[in-house]
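# Structural description and commentary
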Amino acid sequence: MEVFIIVLVLLVLIGVSNVIYRFVPFVPVPLIQIVLGACVTVIPMGIHLPLEPELFFILFIAPLLYNDGKHTPREELWRLRAPILVLAVGLVFATVFVVGYTIHWMIPAITLPAAFGLAAILSPTDAVAVSALAGRIHLPKSLMRLLEGEALMNDASGLVAFKFAIAAAVTGVFSLHKAALSFLVIAIGGLLVGALLAFIIIGIRQLLRRAGLEDETMHMLLQLLTPFLLYLIAEEIGVSGILAAVAGGIVHAIESERLERDMPKLKSVSTNTWSVILFILNGLVFVILGTQIPDVTSVIFEDPGFNNVVVLGYAVVIFVLLVLRFVWSLLFTRGWRVFGTSAREAASFKVLAMTTISGVRGAVTLAGAFSIPLFLQSGELFPQRDLIIFLAACVILLSLLTASIVLPLIAKKRVPEGSAEKAKAEQEWQIQVMKAAIRELQQETNEENEAAVASVIGEYQRMIQQLKIKGVPYKHTGKINQEELAIRIEALAIERNYVKDRLEKGAITEKHAEFYSKMLDQLELILANRLHLWVMLFKRMKGRLKEILNGSANSWRLAFTEQDVNAIRGLKLECGQAVIEQMGPLCTKDKMNDPTEWVVAHYQQVVNRIKKTSVDRKIKEPAFDETRKELHWLAVQAERYEVQNLYEQGKIDRGQAAELRRIIRDREASMYEQDELG
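Given the structure is predicted, the values throughout are model-derived calculations rather than measurements.

Here the focus is the overall build of the protein. Broken down by element type, the protein carries 27 helices and zero strands. By residue count, 49% of the 678 residues in the protein fall in the buried class.

As C-alpha cells, then:
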C-alpha cells in the first residue's frame with residue numbers, strides 16, 4: 001500500500017508541475033518537477049524513495065531512449081555521424097581524463113580511479129533533459145539533431161567508462177588495453193544485439209499477422225514490452241542495454257513506416273498510448289531526481305567533516321571544467337560541415353555556446369552515482385562516496401539552471417521592428433491559431449456530425465480569408481485591453497437592467513428573462529479577467545446550488561418553441577439598441593484607440609446580423625445546433641492550446657500571447673451569442 005501511495009503522489013506531482021508551467025512557462029518543467037520532488041521529501045511525513053539504479057535504467061531510460069531512437073531521423077543521424085561520435089565518444093573520454101585528474105588534484109581524498117568514475121558519470125548528456133528544454137527554446141534544427149544523436153550514444157560510452165573506473169577503484173586493478181577492447185565489444189555488441197532482437201520481434205509480429213491475429217491491442221502490448229526485452233537480454237549477454245534499446249528503436253522506426261500502411265488504426269493507438277507513457281516517464285524521471293536531492297545534500301551539510309562553502313565551490317569548479325565541451329567542439333568544427341552550414345558558421349561563438357550549454361546532465365548521471373558500491377574489495381568503505389554523489393547532484397542542478405537561463409537568451413529570435421512586419425507576424429499567428437482549430441475539428445469528424453463540422457470549419461475559413469484581406473487593423477495594449485473589458489462588462493450591465501425593466505413592466509415573460517440572464521452570465525464568464533472570473537464562478541455555483549435545492553435546476557432549459565426563440569432574438573435586438581443609445585454619445589470616433597467605439601461597433605454588428613437573418617431565418621434541427629455549440633467549444637480550446645504552445649516555444653512574448661487570447665475571447669463570445677440566438 002505504501003508503494004501505491006508513493007506512486008500516486010509522484011503522478012499527482014507531474015500533473016501539478018504542468019499546471020504550474022502554464023503560469024510560469026519561462027521555468028522549464030524539469031526544474032519545476034525537481035523542486036516539487038524535493039518539497040514532497042522535506043515536508044513532515046514526506047515520502048522517501050530509495051533510488052535503485054538498475055531498476056531506474058530499465059524502467060525509465062530503456063523505453064525513453066527506445067522512443068528517441070524511433071523518432072530521430074535516420075538520415076540526420078547518418079549525416080551527422082562524425083560529429084556525434086566526436087561528442088559521444090571522443091568528448092566523453094577527454095572529459096574523463098581532464099576532469100578526472102583535476103578532481104583528484106583538487107580533492108585528494110577522492111582516489112584517482114574514483115575521480116575518473118565521477119568524471120565519467122558527468123560526461124554523458126541527458127536525452128530527456130535536452131528534449132524538455134528544446135520544447136521551449138528554439139534551437140537550430142541541425143543543432144537539435146546533433147544533441148539528440150549525442151544523447152542517444154554517449155550514455156553508453158559514459159557508463160562503460162564509469163564501470164571500468166569504479167571497478168579499478170574497487171579492485172585496484174586496471175588494464176587500458178582490456179578496457180578499450182571491452183568498450184568496443186560492449187558498444188558494438190549492444191548495437192548489433194539490439195538490431196538483431198528488433199528484427200526477431202518484427203518477424204514474430206509478422207507471423208502473428210499472417211496467422212490472422214491483427215488485434216491492435218495485442219500488437220501494442222508487444223511494442224510496450226520491446227524496450228524492456230532489448231535492455232534485459234543485452235545486459236544479460238554482457239553488452240550495452242542502452243545502445244540495444246536505441247538500435248531497436250531505429251529498426252522499429254523502419255518497420256513502423258510500412259506497418260502504418262497495413263494497420264492504420266494501430267498508428268493512432270500507438271501514438272496515443274506512447275504519448276501518455278512518455279509524459280508519465282519523463283515526469284517521473286525528474287520528480288524522482290528531486291526526491292533524492294534533500295537526502296544527498298543533508299548527508300554532506302550535516303557532516304562536520306565537510307566545509308559546506310568549500311564543497312559547493314568544488315561543485316562549481318567541476319561544472320566550469322565542463323567548458324571543455326566548448327573547446328572540444330571548437331577544435332573539431334574547423335573545416336567540418338558539422339551543423340549543415342559552412343565551417344565559419346559552424347564555428348561561430350553562438351552555435352558553439354549553444355552546443356556547450358545544451359549539454360545538460362540529468363537523472364542518468366545521478367543514477368550512475370548511486371550505483372557506486374558501498375565497500376571496496378578489501379572491505380573498506382568506498383572513499384568519499386557521499387561526496388561524489390553530492391557533487392554529481394550539484395552539477396546536474398547547475399547544468400539545468402544554466403541551460404534554462406542562458407539558452408533562451410542566446411537562442412532568442414529578433415522580433416520584427418517595423419510596424420508592417422509586426423502586423424504581418426500578428427496576422428500569421430492569428431491564422432496559425434485558427435488553423436489549429438480547423439485541424440482539431442477535422443479530427444472530430446464522423447458520420448453523425450459531418451454537416452456541423454463542415455459548417456464550423458467554413459466559419460473559420462471565412463474568418464481566415466477576411467483576415468488575409470483586411471489584415472490586422474489595430475493592436476491592443478494592456479491598458480486598452482482592460483478598458484475595453486470594463487466597457488464590455490458595463491454594456492452587459494445595461495442589458496441586464498433593460499431586461500429587468502421589461503420584466504417588471506410585463507413586456508417579457510419570466511422564462512425569457514431567466515434565459516437571457518443566464519446567457520449574459522455566460523458571456524460575462526467568457527469575457528471576464530481572472531479575478532472577476534473566480535468571483536463569477538463562485539456566484540454561478542452558488543446560484544446552481546440554490547436551484548438544485550429548490551428543485552428548479554433545469555427550469556430555464558424548458559423546450560423553446562420557434563416563438564420563444566424569436567422573442568429572445570427580439571429582446572437581444574432591443575438590448576443591443578439600448579446599449580448603442582447609451583454608449584454611442586460617449587464615443588470619441590477614434591476607431592483606432594477608443595475602446596467604447598469598439599464595443600458600440602460590436603453591438604451594431606449584432607443588431608445588423610439579427611435584422612438581416614430575421615427575415616428569412618430557417619429552423620434548424622436541435623441536434624445540429626447542440627453539435628455546433630460543442631464544436632465551437634472544442635475549436636476555441638484548440639486555439640488556446642496553440643497560443644500556449646507558441647508562447648512556450650518562445651515564438652511569441654507574453655504581450656502577444658495576451659493579445660491573441662483577447663481575440664479568441666471575443667470570438668468565443670460572438671460564437672456563443674450566435675449559438676444561443678440561432
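After that view, the rundown keeps rolling.
This paragraph deals with the confidence of the model for the protein. In regions of low pLDDT, the predicted coordinates are not meant to be interpreted in detail. For the protein, per-residue confidence averages 77 on the pLDDT scale, and residues scoring 70 or more make up 79% of the total. Highest mean pLDDT in the protein belongs to helix α10 (residues 216-237) (89); lowest belongs to helix α15 (residues 343-346) (44). Overall, residues 335-346 carries pLDDT values under 50, and its contacts beyond four positions in sequence, including any with other chains, amount to 26 contacts. Low pLDDT, under 50, characterises residues 615-619; the predicted model gives this stretch seven contacts beyond four residues in sequence or across chains.

Let us now look at unusual backbone geometry. Even without a glycine there, the phi angle at Gln 384 is positive, about 55°. Among the structural elements, Gln 384 can be located in the loop between α17 (363-370) and α18 (385-411).

Attention now goes to the packing of aromatic side chains. One pass over the full model with this rule turns up six aromatic pairs. On the basis of an interplanar angle of 40° and a centroid distance of 5.2 Å, the ring pair of Phe 56 and Phe 60 is categorised as tilted. Separated by four residues within a single helix, Phe 56 and Phe 60 lie in helix α3 (residues 53-71), roughly one turn from each other. In this pair, the class of Phe 56 matches that of Phe 60, namely buried. Judged by centre distance (6.0 Å) and plane angle (35°), the ring pair of Tyr 66 and Trp 274 falls under tilted. Taken together, the positions of Tyr 66 in helix α3 and Trp 274 in helix α12 (residues 264-301) put the pair 208 residues apart, joining distant regions of the chain.

Let us now look at the pattern of salt bridges. One pass over the full model with this rule turns up three salt bridges. With a closest N to O distance of 3.3 Å, Lys 505 and Asp 501 form a salt bridge. Among the residues examined, Lys 505 registers a relative accessible area of 63% and is labelled exposed.

So, on to the packing of α3 against α17. Packing of α3 against α17 brings their axes to within 9 Å, and their N-to-C directions diverge by 155°. Relative to α17, α3 is oriented roughly antiparallel. Residues Pro 53, Phe 56, Phe 57 and Ile 61 of α3 form the contact with α17, whose own contacting residues are Ala 363, Val 364, Ala 367, Gly 368 and Phe 370. When its residues are assigned to classes, the contact of α3 with α17 shows eight nonpolar, one polar and no charged.

With respect to the secondary-structure elements, Ala 437 resides in helix α19 (residues 419-443). Once the C-alpha coordinates of Ala 437 and Glu 642 are considered, the two residues, 205 residues apart in sequence, prove to be 8.5 Å apart. If near-sequence neighbours (up to four positions away) are discounted, Ala 437 is found in contact with Tyr 460, Ala 635, Ala 638 and Glu 639.

Turning our attention to a nonpolar patch on the surface. Together, Phe 4, Ile 5, Leu 8, Val 12, Val 16 and Ile 20 give the surface a local cluster of nonpolar side chains, amounting to about 480 Å² of exposed area. Relative to the helices and strands, Ile 20 resides in helix α1 (residues 2-23). Using a relative accessible area of 32% as the deciding quantity, one classes Ile 20 as partly exposed.

Time to look at the packing of helix α9 (residues 176-210) against α10. Where α9 meets α10, the axes come as close as 10 Å, and the angle between the chain directions of the two elements is 150°. Accordingly, the angle class assigned to the pair α9 and α10 is roughly antiparallel. In this structure, α9 meets α10 at a crossing whose hand is right-handed. Every residue of α10 that contacts α9 at Val 193, Gly 194, Leu 197, Ala 198, Ile 201, Arg 205, Leu 208 and Arg 209 is listed here: Met 218, His 219, Leu 222, Gln 223, Thr 226, Leu 230, Ile 233, Ala 234 and Ile 237. Of the residues contributing to the contact of α9 with α10, the split by class is 11 nonpolar, four polar and two charged.

For helix α5 (residues 81-106), spanning 26 residues, the distance from its first C-alpha to its last is 36 Å, which sits close to the expected 38 Å at 1.5 Å a residue. Along α5, the sharpest kink reaches roughly 30°, centred on Leu 91.

With that settled, the discussion passes to the nonpolar core. Within the largest apolar cluster, 96 residues are counted, with the highest numbers of intra-cluster contacts made by Leu 10, Phe 56, Ile 110, Leu 118, Ile 318, Phe 382 and Leu 391. Leave out the neighbours within four places in its chain, and Ile 318 touches Val 99, Ile 103, Met 106, Leu 118, Leu 122, Leu 391 and Val 395. Judged by nonpolar contacts, the second largest core, of 29 residues, contains Tyr 516, Ile 526, Leu 571 and Ile 580.

The next point concerns the environment of His 104. Here His 104 shows up in helix α5. Spatially, the C-alpha atom of His 104 lies 5.7 Å from that of Ala 115, the residues being 11 residues apart in sequence. When residues no more than four places from it in sequence are discounted, the contact partners of His 104 are Ile 110, Thr 111, Leu 112 and Ala 115.

About the thresholds
Positions within a chain are numbered from 1, following the residues in the order the chain's sequence is written. Predicted model: local features are reported for residues with pLDDT of at least 70 only, side-chain atom pairs are reported and counted for 80 or more only, and whole-chain, interface and lining totals are derived from all residues. As a rule here, side-chain values cover all heavy atoms of the structure and leave hydrogens and water aside. Per the convention used, a helix needs a DSSP run of H or I reaching at least four residues, while a strand needs a run of E reaching at least two, with both numbered from the N terminus. For every residue, the accessible area obtained with a 1.4 Å probe (protein chains only) is divided by the maximum for its type, and the residue is called buried under 20%, exposed over 50%, and partly exposed between those limits. Each residue carries a pLDDT score, the predictor's confidence in it, ranging from 0 to 100. Any two residues having at least one pair of non-hydrogen atoms within 4.5 Å are treated as being in contact. Aromatic pairs are defined between Phe, Tyr and Trp rings, using the six-membered ring for Trp, whenever the two ring centres lie within 6.5 Å; interplanar angles under 30 degrees are classed as stacked, those over 60 as edge-to-face, and all others as tilted. Within this document, salt bridges are pairs made up of a side-chain nitrogen of Lys or Arg and a carboxyl oxygen of Asp or Glu, the two lying within 4 Å of each other. Axes here mean lines fitted to C-alpha atoms, for a helix over just the part in contact, with angles spanning 0 to 180 degrees between N-to-C directions. Note that the term roughly parallel is reserved for angles under 35 degrees, roughly antiparallel for angles over 145, roughly perpendicular for angles of 65 to 115, and oblique for everything else. Each residue receives one of three labels: charged for Asp, Glu, Lys and Arg, nonpolar for Ala, Val, Leu, Ile, Met, Phe, Trp, Tyr, Cys and Pro, and polar for the others, Gly being one of them. Two distance rules govern patches: like charges are joined within 9 Å, and nonpolar side chains (Val, Leu, Ile, Met, Phe, Trp, Tyr) within 5 Å, applied only to residues with over 30% relative accessible area and no salt bridge. Here the Shrake-Rupley method, with its probe set to 1.4 Å, supplies the accessible areas, and only the displayed protein chains count as covering residues. Left-handed describes a crossing whose near helix is turned anticlockwise from the far helix through less than a right angle; right-handed describes the clockwise counterpart. Multiplying one less than the number of residues by 1.5 Å gives the expected span of a helix. Bend, in this description, refers to the angle at a residue between axes fitted to the seven residues ending there and the seven starting there. By nonpolar core we mean a set of buried residues, namely Ala, Val, Leu, Ile, Met, Phe, Trp, Tyr and Cys, connected to one another through side-chain atoms within 4.5 Å.

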